[in-house]
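Now for the letters of each chain:
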Amino acid sequence: MKILVCDDEREIRTIVRLLLERSGYEVVEAEDAETAIASLKEDPGIDLCIMDVMMPGKSGVEAV
């Protein structure tokens, strides 16, 4: 299973990525909603997106 983790804070992305990878998941990262949306369009293999709600620019809620 491939999971996209989107958060504007690198430290949070890193912690979530490490925890998910330890559980056997493949992880893709995005630093903003626009990048996450592009990743989802480009990679049909992404099964789940974990997105921060409060980010500068477009929020996680607006990205939906």
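Residues numbered from 1 in each chain as written. Predicted model: local features only at pLDDT ≥ 70, side-chain atom pairs only at ≥ 80, totals over all residues. Heavy atoms only, no water.

S.K.: An account of the overall build of the chain is requested, with residue identities and associated values reported.
M.R.: When its secondary structure is counted, the chain shows three helices and three strands. Listed N to C, the secondary structure of the chain is β-α-β-α-β-α in terms of helices and strands. Against the globule reference of 11 Å for 64 residues, the chain gives a C-alpha radius of gyration of 11 Å, in line with a compact fold. Dimensions of the chain, computed from C-alpha atoms along their principal axes, come out at roughly 30 × 25 × 15 Å. The buried share of the chain, reckoned over its 64 residues, is 28%. Across the chain, every contact between residues at least 6 apart in sequence was considered, and the portion connecting residues at least 24 apart equals 60%. (Helix = DSSP H or I, 4+ residues; strand = E, 2+ residues; numbered from the N terminus. Rg over C-alpha atoms; globule rule 2.2 N^0.38 Å. Buried < 20%, exposed > 50% of the residue type's maximum accessible area, 1.4 Å probe, protein only. Contact = heavy atoms within 4.5 Å.)

S.K.: I'd like a rundown of the pairing of strand 2 (residues 26-30), residues and numbers included.
M.R.: One face of the sheet, then the other: side chains in a regular strand alternate in exactly this way. Note: strand 1 (residues 2-6) against strand 2, five bridges, orientation parallel. Along strand 2, the bridge assignment pairs Cys 6 with Ala 30. After leaving strand 1, the chain enters helix 1 (residues 10-22) and then returns to the sheet as strand 2, a path that is right-handed. (Pairing = 2+ DSSP bridges. Right-handed = clockwise from strand over helix to strand, strands pointing away.)

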